[in-house]
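Remarks on the overall topology
Listed below are the residues making up each chain.
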Amino acid sequence: MPGRDASDVLCLIERREAVLRRVGPVEQRKRDLSESLSVSRSTVDRAIRELVEAGFVERGEDGYVRTLSGRLVLEAFDRFANRAEDITNAGNIIDLIGSDSEFDIAVLDGADVVEATQTSPHRPLGHLASIIERADRIHAFAPAVFPSQVNTYHRRIVEEGVTARVLVAEKVMNRLVSTYRTKTQEALSTDRLEIRWTADLPPYSLALGETDDGPELGLLTYADHGVGGFIGNDSPEAVEWGRRTLSRLWEDGEPIPIQPADD
């Protein structure tokens, strides 16, 4: 494989993927490959020659077998293809985040992706609310707030004993100390809610809920008309990224300027 860079390898696997998959760990003759793939013998000859030169296939006693390098590069190709598909499927949602925002592709790996539509504009918000409803502990940040979210957090904290740490943008903080002052004070008075604010938040909401089934991550994006979409994931990699992001932003937050309600 000397002299080949990553782009060369990618092009080779794209061209010869079918042959490399069919060769496998069991020796295959060219004639059998041609018949099973329904391609000409000359096509198989060229494919085998290129794969042997790359080190992904080698000749055995009775045919050709895939090498360890061949197996690993095929696995890497599959991961790339799957992640490219994940990005494509969530493209309309993640494009709302902005190209300079911190984001880990692990969040998309096997994720539940829900895009807002004209007929179901609030469906993504419902998926994020589902995590909050099922969680015993919540750590979140939000650059925007909806009345339904305030009501859900208030009920879960005040009436159902959930604990939460929430970091909000300055404009959200202003609404909490004015429009939602009473509910915010009541939730703070339980000592189960901490709220901080910051002038610098990513353009999406992120919530990490500790549920009976384990930690679960929910991300909500915004469009000009309101909610853009939801991405949910409970994989260890996605959850760990969420924990790091939340912890880093939380440390930069300031206490919200509102006191708990009097007993």
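Here's a quick rundown of the structure. Please read these numbers as outputs of a predicted model, since none were measured by experiment. (Residues numbered from 1 in each chain as written. Predicted model: local features only at pLDDT ≥ 70, side-chain atom pairs only at ≥ 80, totals over all residues. Heavy atoms only, no water.)

For the protein chain, the count of helices and strands is 10 helices and 10 strands. Over its C-alpha trace the protein chain gives a radius of gyration of 26 Å, far above what one expects of a compact globule, namely 18 Å for 263 residues. For the protein chain, the spread of C-alpha atoms along the principal axes amounts to about 85 × 35 × 35 Å. With 263 residues in all, the protein chain has 45% of them scored as buried. (Helix = DSSP H or I, 4+ residues; strand = E, 2+ residues; numbered from the N terminus. Rg over C-alpha atoms; globule rule 2.2 N^0.38 Å. Buried < 20%, exposed > 50% of the residue type's maximum accessible area, 1.4 Å probe, protein only.)

Glancing now at the environment of D191. Inspection of the secondary structure assignment puts D191 in the loop between α9 (181–188) and β6 (193–198). Counting along the chain gives 69 residues from D191 to P260, while the straight-line C-alpha distance between them is 8.7 Å.

So, about the sheet that holds strand β4 (residues 135–142). The strand order β3-β9-β8-β7-β4-β5-β6-β10 describes an open sheet built from eight strands, whose pairing is mixed. Both edges of this open sheet fall to β3 (112–115) and β10 (254–255), since each of them pairs with a single strand only. Relative to β10, β6 runs antiparallel, the two sharing two bridges. Bridging across to β10, R196 finds its partner in P255. (Pairing = 2+ DSSP bridges.)

Phi is positive for S38, which is not a glycine, with a value near 55°. In this fold, S38 is placed in the loop between α2 (30–37) and α3 (41–54). Take S38: its relative accessible area is 68%, and that puts it in the exposed class. Notably, D191 is not glycine yet its phi reads approximately 65°, a positive angle.

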